[in-house]
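Per-entry structural report
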Amino acid sequence: MTASESSISLFLADDAATAQLGEDLALALKVGDCLALSGDLGAGKSSLARALLRAMANDPEMDVPSPTFTLVQSYELRVPVSHFDLYRLGDPSELTELGFDEALQTGICLVEWPEMAEGELPKERIDLKLTHEGEGRRAVLTAPDKQMARIERVLAIRAFLDSHGYRSAARRFLTGDASLRAYESLYPADGSDRVILMDWPRLPEGPPVLDGKPYPKVAHLAWDTYPFVAIANILSENGFAAPQIFAADYDLGILLIEDLGTDGVLDAEGKPIAERYRASVACLAHLHSLSIPRDIPVTPDHIHHIPDFDRTAMKMEARLLLDWHLPWKRGTPASDEERADYLAIWDRLIDQLDDAEKNLLLRDMHSPNIIWRAHEQGIKRVGIIDFQDAMIGPTSYDVASLVQDARVTIERDLHDQLMADYLALRHAQGGFDEAKFLKSWAIMSAQRNCKLAGLWVRLLQRDGKPGYLKHMPRTLAYLAIAFEHEALAPLKEWCEKAGIGRA
């Protein structure tokens, strides 16, 4: 073992424990990982590999033939996996002919009998040795620190489940997002309903971007699980469909939450279902009529204070267009004059929000975070998730987030219908200033879409996630709608001069 490696020893009492380890490792492995499985005949290598592959496929009955004679069996799963059995390998150099290097570049390699490859396997691999021990077997995992951290994380989650009444529950990858959060589907061993596990390790500080603070602190992004629990509880108390919290470990960043369902607000072709968006905008209208407390008790010794969507956060997000989108669009960064003018325009726009209606804003009220619950009535039909970054700010922000869904095109007729619905519902509540709201909405729409126009480029260039760039044309089209309000004339003119928004 080198200085950059660490080791874990586990006792596996039976075949079920071996299969469970394989399932857990399926959640830890990523593209580029090589898992080398060694041990005597009958020690459980093939059983563990089979469990891992079936978990990755989310198919407990998937046929997993032994690659003893073919030497390699490939699977196009959530992450491509190539299963190698090198027992009959004639010479270590044959590994290249089997396509090992290519398989490792695009997926995961499971290797049985790794000793037959001698020095041809990557040094930065995960070694798992299985040996018989009494009625069970001993598993010793050795891996570089980066991979070991992932393995330790999935094992810590397993220990959490065991201690909270979910022993032997089946775990399956559900989704990951643009942040460090990941989600698992959890199927209790007793056959009861699925629950959702939120895996949310505490965010790293990151480099300072303003006044010595990292971006998440400036933009008031949640650092841990307390805000999620706080907002979930306050929404539930006010009659909204937010997930119930079943168990939490705030130090580790693990939550077990209610599964609100799998139906969304889009049809089979990915287009918005008008009825569901209209119900969602009605849900927002009701939320904005309520008085939500700023300080929400979460545990006996922790109170979550909902932060303000303040000037600093608004400008920091709007700057993403300046720092990322503009250089990508035209190939040159903003000049000092352009930068100063852009930020001055935003200062004046934010000044105009001083008398805007302010209340709880969920921050990302759009299709990925809305669950349709057809069996419920009223606002309960709209399940709400992913609200941990909620703040107190202009209520118009969430209306812009929904009516101008970042991930699906809301055509103008539906856009106008949703706005009309919201305005009518707010007028019916009484005391609603439509003119102030519409000006606030235009400013918040522009702020959100300037942020997104830069975020899509940052995800591409900094994070290696090109898939988000497909949303760019829609984002710029939404920005053009915000520019229809006279308050946005200065920003519209600046963008036109900078070449932003033109095809």
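Residues numbered from 1 in each chain as written. Predicted model: local features only at pLDDT ≥ 70, side-chain atom pairs only at ≥ 80, totals over all residues. Heavy atoms only, no water.

As recorded by an unreviewed UniProt entry, the chain carries the name tRNA threonylcarbamoyladenosine biosynthesis protein TsaE and is attributed to Rhizobium miluonense. Of the chain, the UniProt comment under Subcellular location (unreviewed entry) reads exactly: "Cytoplasm". Checking UniProt for the chain, the heading Sequence similarities (unreviewed entry) contains the comment "Belongs to the TsaE family." (UniProt positions renumbered as here; feature names shortened; annotations may be inferred.)

Summing up its helical and strand segments, the chain has 15 helices and 20 strands in all. The C-alpha atoms of the chain give 26 Å as radius of gyration, which agrees with the globular expectation for 503 residues (23 Å, within 12%). The principal-axis extent of the C-alpha atoms belonging to the chain is close to 75 × 50 × 45 Å. Restricting to contacts in the chain with at least 6 residues of sequence separation, those with at least 24 account for 67%. Taken as a whole, the chain presents about 22,300 Å² of accessible surface, with 51% of it coming from carbon and sulfur. (Helix = DSSP H or I, 4+ residues; strand = E, 2+ residues; numbered from the N terminus. Rg over C-alpha atoms; globule rule 2.2 N^0.38 Å. Contact = heavy atoms within 4.5 Å. Areas by Shrake-Rupley, 256 points an atom, 1.4 Å probe, with all protein chains shown as cover.)

Read from one edge to the other, the open sheet built from seven strands follows the order E1-E7-E6-E2-E5-E4-E3, with strand pairing classed as mixed. With partners counted over all chains shown, the strands left at the sheet margins are strand E1 (5-12) and strand E3 (72-75), one partner each. Averaged over neighbouring strand pairs, the angle between their axes works out to 15 degrees when direction is ignored. For strand E2 (residues 34-39) and strand E5 (residues 108-112), the ladder comprises four bridges, and the chain directions are parallel. Residue Ala36 lies in a different strand from E5, and its bridge partner there is Val111. Packed on one face of the sheet, helix H2 (residues 45-57) meets E2, E3, strand E4 (81-85), E5 and strand E6 (126-133) and runs near 160 degrees to E5. (Pairing = 2+ DSSP bridges. Axes fitted to C-alpha atoms, helices over the stretch in contact; angles between N-to-C directions.)

What follows deals with the packing of helix H10 (residues 336-351) against helix H15 (residues 489-498). Two numbers describe how H10 lies on H15: the axes approach to 10 Å, and their chain directions differ by 160 degrees. As summarised for this structure, H10 and H15 are arranged roughly antiparallel, according to the angle between their axes. For the pair H10 and H15, the sense of crossing is left-handed. Residues Glu338, Asp341, Tyr342, Ile345, Trp346 and Leu349 of H10 form the contact with H15, whose participating residues are Pro490, Leu491, Trp494 and Ala498. Within the contact of H10 with H15, the residues separate by chemical class into eight nonpolar, no polar and two charged. (Parallel < 35°, antiparallel > 145°, perpendicular 65-115°, else oblique. Left-handed = near helix turned anticlockwise from the far one by under 90°. Nonpolar A, V, L, I, M, F, W, Y, C, P; charged D, E, K, R; others polar.)

To continue, consider helix H9 (residues 311-330). With 20 residues, H9 ought to run about 28 Å at 1.5 Å a step, and its terminal C-alpha atoms sit 28 Å apart, in line with that. For H9, every residue scored as buried is listed here: Ala313, Met314, Lys315, Met316, Glu317, Ala318, Leu320, Leu321, Leu322, His325 and Leu326. In the stretch just after H9, Gly331 is the one whose phi turns positive, near 85 degrees. (Expected span 1.5 Å × (residues − 1). Buried < 20%, exposed > 50% of the residue type's maximum accessible area, 1.4 Å probe, protein only.)

Let's shift gears to the nonpolar core. Ranked by internal contacts, the top residues of the largest apolar core, which has 106 residues, are Tyr342, Trp346, Leu360, Leu491 and Trp494. By residue number, the principal contributor to this core is helix H13 (residues 434-461), which donates 13 residues. Residues in contact with Trp494, not counting those within four places in the same chain, are Leu321, Leu322, Leu326, Glu338, Asp341, Tyr342, Ile345 and Ile500. (Core = buried A, V, L, I, M, F, W, Y, C linked by side-chain atoms within 4.5 Å.)

Turning next to the state of the cysteines. The tally for this structure, following the rule as stated, stands at zero disulfides. Sulfur of Cys34: no disulfide; nearest cysteine sulfur belongs to Cys109 and is 6.0 Å away. Free of any disulfide, Cys450 has its nearest cysteine sulfur in Cys495, 5.4 Å distant. (Disulfide = S-S within 2.5 Å.)

Let us now look at the pattern of salt bridges. Side-chain pairing between opposite charges can occur once the charged atoms of the two side chains come close. Enumeration over the complete set of coordinates arrives at 32 salt bridges. One salt bridge connects Lys271 with Glu269, and the closest N-O pair in it is separated by 3.8 Å. Assessed through its relative accessible area of 48%, Lys271 is described here as partly exposed. By relative accessible area, which is 63% here, Glu269 ends up exposed. (Salt bridge = Lys/Arg side-chain N within 4 Å of Asp/Glu carboxyl O.)

Mapped onto the fold, Asp199 is located in strand E10 (residues 195-199). Residue classification places Asp199 among the buried positions, given a relative accessible area of 13%. A distance of 2.8 Å separates polar atoms of two side chains, one belonging to Asp199 and the other to Arg153. When neighbours within four sequence positions are excluded, Asp199 is seen to be in contact with Arg153, Ile157, Leu180, Arg181, Ala182 and Gly253. (Polar contact = N/O pair within 3.5 Å; in protein donor to acceptor, adjacent residues only side chain to side chain.)

Attention now moves to the environment of Ala222. In this fold, Ala222 is placed in the loop between helix H6 (215-218) and helix H7 (226-237). Overall, Ala222 belongs to the buried group, its relative accessible area being 7%. Along the primary structure Ala222 and His471 are separated by 249 residues, whereas in three dimensions their C-alpha atoms are 24 Å apart.

Moving on, we get to the pairing of E10. Burial runs high along E10: five of the five residues are buried. Across the two faces of E10 the burial is the same, with Val195, Leu197 and Asp199 and Ile196 and Met198 all buried. Taken together, the five bridges between strand E9 (residues 182-187) and E10 define a ladder with antiparallel strand orientation. Pairing of Glu184 across the sheet is with Leu197, part of E10. In terms of strand pairing, E10 meets strand E14 (residues 254-258) through five bridges, oriented antiparallel. Looking across to E14, one finds that Asp199 is bridged to Ile254.

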